[in-house]
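Architecture at a glance
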Amino acid sequence: MSAIVISGTGLFTPEQSISNAELVESFNTWVDSANSANAIAINAGEQEPLQHSSVEFIEKASGIKSRYVIDKTGILDPERMAPRIPERPNTEPSLQCEIGVAAARQALSMAGKTPQDVDAVLVACSNLQRAYPAMAVELQAALGIEGWGYDMNVACSSATFALQQARDSIANGSARCVLIINPEICSGHLNFRDRDAHFIFGDVCTAMVVESAETATSESQFEILGARLQTSFSNNIRNNFGFLNRADETGAGQPDKLFVQNGRKVFKEVCPMVAEQIVAHLESLELTPEQLKRMWLHQANLSMNQLIGKRVLGREASAAEAPTILDEYANTSSAGSVIAFHKYNDDFASGDLGVLCSFGAGYSIGSIVLRKV
Ligand code: CO8
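Cut-offs used in this document
Residues numbered from 1 in each chain as written. Predicted model: local features only at pLDDT ≥ 70, side-chain atom pairs only at ≥ 80, totals over all residues. Heavy atoms only, no water. Core = buried A, V, L, I, M, F, W, Y, C linked by side-chain atoms within 4.5 Å. Buried < 20%, exposed > 50% of the residue type's maximum accessible area, 1.4 Å probe, protein only. Helix = DSSP H or I, 4+ residues; strand = E, 2+ residues; numbered from the N terminus. Contact = heavy atoms within 4.5 Å. Expected span 1.5 Å × (residues − 1). Near = heavy atom within 4 Å. Polar contact = N/O pair within 3.5 Å; in protein donor to acceptor, adjacent residues only side chain to side chain. Nonpolar A, V, L, I, M, F, W, Y, C, P; charged D, E, K, R; others polar.

Naming follows an unreviewed UniProt entry, where the protein appears as Beta-ketoacyl-ACP synthase III of Candidatus Litorirhabdus singularis.

Below, the structure is given as structure tokens:
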């Protein structure tokens, strides 16, 4: 079997960005007005007052300083606290298609591919804009790609799981070249009134071109040496939004129809699983952690990545060994590790090794070991 490579990556970043200070100001304004509306119950001791959020807490607990979003005004409006993204008529490209096209064109151009070279489109992300037709099929049409496409969702691990699917499709001959697109509009499913989570996510779209080394002409190619996936059921990160919500009105408007998590448990349970997976995956390829030049880790929390880096390497990982993009982008779900890879691989020489690794809801973990061609 000939080698299979990632030959191009693309990144669409929304124009609007929200700083922690802006987000906290809006949140605290909403808290003050909710507390004054409930002053009687609060003063009577029947209800706990809501607490302010803080810039210091956010940066210290997560490492996040800002996030890009599709719509800043709606999120920061204390009367609304949700992005304002008008529905489009069916005759216009949907938003996920629009940002997907932008990231995909960049990835195709880097790989030196035309739409005619591509056989398959995988849209892999945490939240799909609609049930059907598949976003992948709309994107396929918008890009002028013949062949097939489908959507898949493994939350934060969607992109790494799609990489394995792409590799398998090329290896078994069902596609020559696969385009993976991760349109993550996380602000649509984030509860901006939840003090524990209102700062966590941002919006973005990434794309990757995967093909056989035999057809690849890109100057920058990374061979997929191995792909390892793991899932283990947990309720600690959950979103109960779904098509059956209308069949039980009692749940309407409940916070569980948006992102909810027990962040502390996620932190404690997931970090060791991720480190163990990376080490075992390397071992199965007869590689050692010392041979890694870089870990492009999922971007959820800076301390999480520092802990994983330390467990894998047996010492602190330097900023160059485990680069951070979450300070600027926040958690962009499946796109996070792909952004890190997209931005931090120029210094790789032929033969250098890295691991692209995601982890998140499910729980789900995906590790992809890459070698620069
Ligand atoms: N401001 C000030 N104080 C706060 C705030 C705030 N905003 N929030 C909480 N606090 C307080 C708490 O009340 C608590 O106070 P006390 O000690 O008095 O009880 C104190 O701060 C500490 O709170 P925590 O224990 O919750 O704080 P942590 O240090 O654990 O940090 C984090 C919280 C940042 C959430 C951290 O636990 C974390 O990052 N965990 C890992 C999360 C993670 O990786 N999740 C992955 C989820 S993403 C995924 O899989 C994809 C989902 C799909 C995307 C959908 C898009 C929306």
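As a rule of thumb, soluble globular proteins bury nonpolar side chains together. Core analysis: the biggest nonpolar cluster contains 51 residues, and Val274, Ile278, Ile308 and Phe359 have the highest contact counts within it. For this core, the secondary structure elements donating two or more residues are helix H1 (20-37), helix H4 (72-76), helix H8 (263-284), strand E11 (292-297), helix H9 (302-313), strand E12 (353-360) and strand E13 (364-372). Sort the elements by how many residues they give to this core and H8 lands first, with 8 residues. Beyond its immediate stretch of four places on either side in the chain, Ile308 contacts Cys271, Val274, Ala275, Ile278, Leu297 and Phe359. Counting residues in hydrophobic clusters, the runner-up holds 36 residues, among them Ala227, Ala340, Leu356 and Ile368.

A separate point is the side chain of Asp119. Of note, Asp119 is situated in the loop between helix H5 (95-111) and strand E4 (120-124). The contact partners of Asp119, leaving out residues within four places of it in the chain, are Glu146, Gly147, Trp148, Ala175, Arg176 and Cys177.

On to H1, then. For H1, spanning 18 residues, the distance from its first C-alpha to its last is 26 Å, which sits close to the expected 26 Å at 1.5 Å a residue. Regarding H1, the residues found buried are Asn20, Leu23, Val24, Ser26, Phe27, Asn28, Trp30, Val31, Ala34 and Asn35. Where H1 is buried, its residues meet strand E2 (16-19), helix H2 (39-43), helix H3 (55-62), strand E3 (66-69) and H4.

Here the focus is the site of the ligand. Residues in contact with the ligand amount to 28 residues; listed here are only the nearest, Cys156, Arg195, Gln261, Asn301 and Ala361. For the ligand, a nitrogen atom lies 2.9 Å from a polar atom in the side chain of Ser53. Contact distances for the ligand include 2.8 Å between an oxygen atom and a side-chain N or O atom of Asn301. Taken together, the elements giving at least two residues each to the shell around the ligand come down to H3 and H8. The greatest single-element share of the shell around the ligand, amounting to 3 residues, is contributed by H8. Taken together, the residues of the shell around the ligand sort by class into 13 nonpolar, 12 polar and 3 charged.

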